[in-house]
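Structure at a glance
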Amino acid sequence: MDCIFCKIVSGEIPSQIVKETKHFLAFRDINPVAPTHILIVPKMHIEKPAELASLGDSALGELFTLIQEIAENEGIAETGFRTLFNTGKDAGQEVKHLHLHIIGGRKLGRIG
Ligand code: 5GP
Ligand code: ZN
């Protein structure tokens, strides 16, 4: 499959990796919209948030722990940050491989 994030997971395309866990890889967005802009992707190619459940309950716990660890390491746990999935065309999803954005380090505007 010709998927840019699968290629980042495999190392075929270089990225600034922030952290790796059993099920997820976190790396810096190539076009950051804030001082901290990190993407968390499942290593497995899935496309919709609901499919995360197929990774099992332990993976969901792993994901939320990873978000918190990244926020602390980036120094934005106290100042605040946004986590979001863009799903589908109305949300402007560019890359089909599911990815969670962690955005922070500046005051963010309202969503939408
Ligand atoms: P979406 O709009 O699909 O939610 O977001 C896709 C994100 O992936 C964008 O913020 C874009 O900057 C980022 N992105 C696209 N291609 C690459 C890449 O090759 N490397 C990295 N690190 N980020 C990418
Ligand atoms: Zn993929």
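Here's a quick rundown of the structure. (Residues numbered from 1 in each chain as written. Chains lettered and ligands numbered in written order. Predicted model: local features only at pLDDT ≥ 70, side-chain atom pairs only at ≥ 80, totals over all residues. Heavy atoms only, no water.)

**Thoughts on the coordination of the zinc ion (ligand 2)**
Where a metal carries four tetrahedral donors, each ideal angle is 109.5 degrees; where it carries six octahedral donors, the ideal angles are 90 or 180 degrees. Threshold: Keep in mind that water is not among the atoms, so a site may look incomplete; donors are the N, O and S atoms within 2.8 Å of the metal, or 3.2 Å for Na, K and Ca. Square planar and octahedral assignments, for four and six donors respectively, both demand that opposite donors be over 155 degrees apart and that all other angles lie between 65 and 115; tetrahedral needs four donors with all angles between 85 and 135 degrees, and anything else is irregular. The numbering of helices and of strands both runs from the N terminus, where a helix is a DSSP run of H or I of at least 4 residues and a strand a run of E of at least 2. Residue burial is assigned from relative accessible area. The probe radius is 1.4 Å, only protein chains are included, and a residue is buried under 20% of its type maximum, exposed over 50%, and partly exposed in between.
Ligation of the zinc ion (ligand 2) by protein atoms is provided by C3 (SG), C6 (SG), H45 (ND1) and H97 (ND1), these donors lying 2.0 to 2.3 Å from the ion. Every donor counted, the four donor atoms about the zinc ion (ligand 2) form angles of 107 to 116° at the centre, which fits tetrahedral coordination. Read in sequence order, the donor residues for the zinc ion (ligand 2) give the motif C-x2-C-x38-H-x51-H. A residue pair is termed long-range when its members are at least 10 positions apart, and C6 in helix α1 (residues 4–10) and H97 in the loop between β4 (81–84) and β5 (100–104) qualify at 91 residues. The partly exposed category is assigned to C6, whose relative accessible area is 24%.

**What to know about the pairing of β5**
Selection criterion: One bridge is not enough; two strands pair if DSSP finds at least two bridges between them.
Burial analysis of β5 places five of its five residues in the buried class, which makes it a mostly covered element. Judged by which residues are buried, β5 turns out to be covered on both faces: L100, I102 and G104 on one side and H101 and I103 on the other are all buried. The pairing of strand β3 (residues 36–42) with β5 spans five bridges and is antiparallel. The residue bridging T36 from the neighbouring strand is G104, located in β5. Where β4 lies against β5, four bridges are found, and the strand directions are antiparallel. Each residue of the ladder has a partner; that of R82, found in β5, is I103.

**Considering the site of ligand 1**
Filter applied, for reference: Whether a residue is near a molecule or strand depends on its heavy atoms: if one lies within 4 Å, it is near. For the purposes of these results, a polar contact is taken to be a pair of N or O atoms within 3.5 Å, where, inside protein, one atom must be able to donate a hydrogen and its partner to accept one; residues adjacent in sequence count only when each atom of the pair is a side-chain atom. Working definition of accessibility: Shrake-Rupley area with a 1.4 Å probe, residue cover restricted to the visible protein chains. The classification used treats Ala, Val, Leu, Ile, Met, Phe, Trp, Tyr, Cys and Pro as nonpolar, Asp, Glu, Lys and Arg as charged, and all other residues, Gly among them, as polar.
Residues in close proximity to ligand 1 total 16 residues, the closest being R28, D29, E94, H99 and H101. In the environment of ligand 1, a nitrogen atom lies 2.9 Å from a nitrogen or oxygen atom belonging to the backbone of R28. Between ligand 1 and H101, the relevant distance is 2.8 Å, taken from an oxygen atom to a side-chain nitrogen or oxygen of the residue. In isolation ligand 1 has 520 Å² of accessible area, and contact with the protein removes 86% of it. Looking at the shell around ligand 1, the elements that each hand over two or more residues are α1 and β2 (24–28). For the shell around ligand 1, the element with the highest residue contribution is α1, accounting for three residues. Split by residue class, the shell around ligand 1 holds seven nonpolar, six polar and three charged.

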